[in-house]
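So the chains spell out like this:
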Amino acid sequence: MSLERRGKFELIIAMVLSGTVGMFVLESGQPSYNAVFFRCLFGGGCLIAYCAFKGYLNFAELTKKHWLLIISSGVAVVLNWILLFESYKYASISVSTVVYHTQPLFLVFLAALFLREKLESHNLVWVLVALIGVVLIVDPSAANVAKDKQIYGLLFALAAAVLYAVATLIIKQLNGVKPHFIAAIQVSLGCMLLLPFVNFDIVPSAGEQWAWLVGLGVVHTCIMYILLYSSFQKVSTGSIAVLSYIYPGVAILVDYIFYDQNLSWVQIVGVGLIVIAGFS
């Protein structure tokens, strides 16, 4: 299997896992800062253990440039999570996810602007096909929040999308550094940044909420980000942009299966377009 194909396979799995993030956040019953903190805490612990086992904890290999890139991308990632989780409070998960996935468009054009990457016509075509699919799965009339609140949710999701695109571009500059090591440092930084803001008074002493929080760390941070960052260094920016649309497609299916959100035929067509674009 070529590096490009392996990277695409890793990215597809990561995007499928990403599609269940919203469910884990909601079921945890925690505010955004708490959810992101525990995601970083459990995810960071697992990533550090993994890196130690694999012999990846080599701080001596990091230059000042590496540290600058890792820290700046880590801040972007953590802020991106907070804004995305916060958007769920004001807009539905489906609408927030759709707006969040304008990030592949930001990614393609930011890469062309700052990295001088060529905008290939076939990648743009599939990005547009996926974007059409995303538009079709949105049903604004089904929103169960006030219109003014929904606007706040959309703005939070849009800001999160920009930060995600920025983080992706930064990470692509870290060739030669193990992605697992990068992720471990980033989430450890997240723990330190968020600790002053965590409300421990509302954290349950026991119960199933902990299972959802642990899942956010182990599944959606450790496992998912090992796959995600590994793929970033093997896959072109255009392919990342296209395959990222698998995430909202899975999120819509999760809403349908677990939260009884019925899909119209138009939405089903939209999901189909996302899948086709993702595997093209």
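Rules used in this analysis
- Residues numbered from 1 in each chain as written.
- Predicted model: local features only at pLDDT ≥ 70, side-chain atom pairs only at ≥ 80, totals over all residues.
- Heavy atoms only, no water.
- Helix = DSSP H or I, 4+ residues; strand = E, 2+ residues; numbered from the N terminus.
- Rg over C-alpha atoms; globule rule 2.2 N^0.38 Å.
- Lys, Arg positive; Asp, Glu negative; His and termini not counted.
- Charge placed at Lys NZ, Arg CZ, Asp CG, Glu CD.
- Salt bridge = Lys/Arg side-chain N within 4 Å of Asp/Glu carboxyl O.
- Buried < 20%, exposed > 50% of the residue type's maximum accessible area, 1.4 Å probe, protein only.
- Core = buried A, V, L, I, M, F, W, Y, C linked by side-chain atoms within 4.5 Å.
- pLDDT = per-residue confidence, 0-100.
- Phe/Tyr/Trp six-rings, centres within 6.5 Å; stacked < 30°, edge-to-face > 60°.

1. Digging into the overall build of the protein chain
Part 1 of the reasoning: Looking only at helices and strands, one finds 13 helices and zero strands in the protein chain.
Part 2 of the reasoning: Element order for the protein chain, N to C, with α for helix and β for strand: α-α-α-α-α-α-α-α-α-α-α-α-α.
Part 3 of the reasoning: Whereas a compact globule of 280 residues would reach a radius of gyration of roughly 19 Å, the protein chain reaches 18 Å, a difference of no more than 12%.
Part 4 of the reasoning: Judged by the C-alpha coordinates and their principal axes, the protein chain covers about 55 × 50 × 30 Å.
Part 5 of the reasoning: Between the centroid of the 15 positive side chains of the protein chain and the centroid of its 13 negative side chains there is a distance of 14 Å.

2. A word on the pattern of salt bridges
Part 1 of the reasoning: Summed over all chains, the structure comprises three salt bridges.
Part 2 of the reasoning: Residue Lys234 is joined to Glu10 by a salt bridge in which the shortest nitrogen-to-oxygen separation is 3.1 Å. Taken together, the residues Lys234 in the loop between α10 (209-232) and α11 (237-243) and Glu10 in helix α1 (residues 3-18) connect sequence positions 224 residues apart. Neither residue differs from the other here; Lys234 and Glu10 are each classed as buried.

3. Points about the nonpolar core
Part 1 of the reasoning: Val36, Phe85, Leu228, Tyr229 and Phe232 are the most contacted members of the largest nonpolar core, which totals 70 residues.
Part 2 of the reasoning: The element best represented in this core is helix α4 (residues 64-90), accounting for 11 residues.
Part 3 of the reasoning: By size, the runner-up hydrophobic cluster in this structure holds 10 residues, among which are Val98, Val108, Val134 and Tyr245.

4. Brief notes about the confidence of the model for the protein chain
Part 1 of the reasoning: With 92% of its residues at a pLDDT of 70 or more, the protein chain has an overall mean of 84.
Part 2 of the reasoning: Mean pLDDT in the protein chain bottoms out at helix α13 (residues 265-278), which sits at 74, and peaks at helix α3 (residues 32-54), which reaches 95.

5. Describing the packing of aromatic side chains
Part 1 of the reasoning: Enumeration according to the criterion identifies 16 aromatic pairs in this entry.
Part 2 of the reasoning: Look at Phe37 and Phe200: their rings are 6.0 Å apart centre to centre, the planes differ by 85°, and that puts the pair in the edge-to-face class. Here the residue Phe37 occupies a position in helix α3, and Phe200 occupies one in the loop between α9 (179-194) and α10, the gap between them amounting to 163 residues.
Part 3 of the reasoning: For Phe37, a relative accessible area of 6% gives the class buried.
Part 4 of the reasoning: What makes Phe200 partly exposed here is its relative accessible area of 44%.
Part 5 of the reasoning: An angle of 85° between the planes, with centres 5.2 Å apart, marks the rings of Phe38 and Trp210 as edge-to-face. Note that Phe38 is positioned in helix α3 and Trp210 in helix α10, a separation of 172 residues in sequence.
Part 6 of the reasoning: A residue is classified by how much of its surface remains accessible, and Phe38, at 4% relative accessible area, is buried.
Part 7 of the reasoning: On the basis of relative accessible area, Trp210 is assigned to the partly exposed category, the value being 22%.
Part 8 of the reasoning: An aromatic cluster is defined as three or more aromatic residues linked by ring pairs; in this entry it consists of Phe37, Phe38, Phe42, Phe200 and Trp210.

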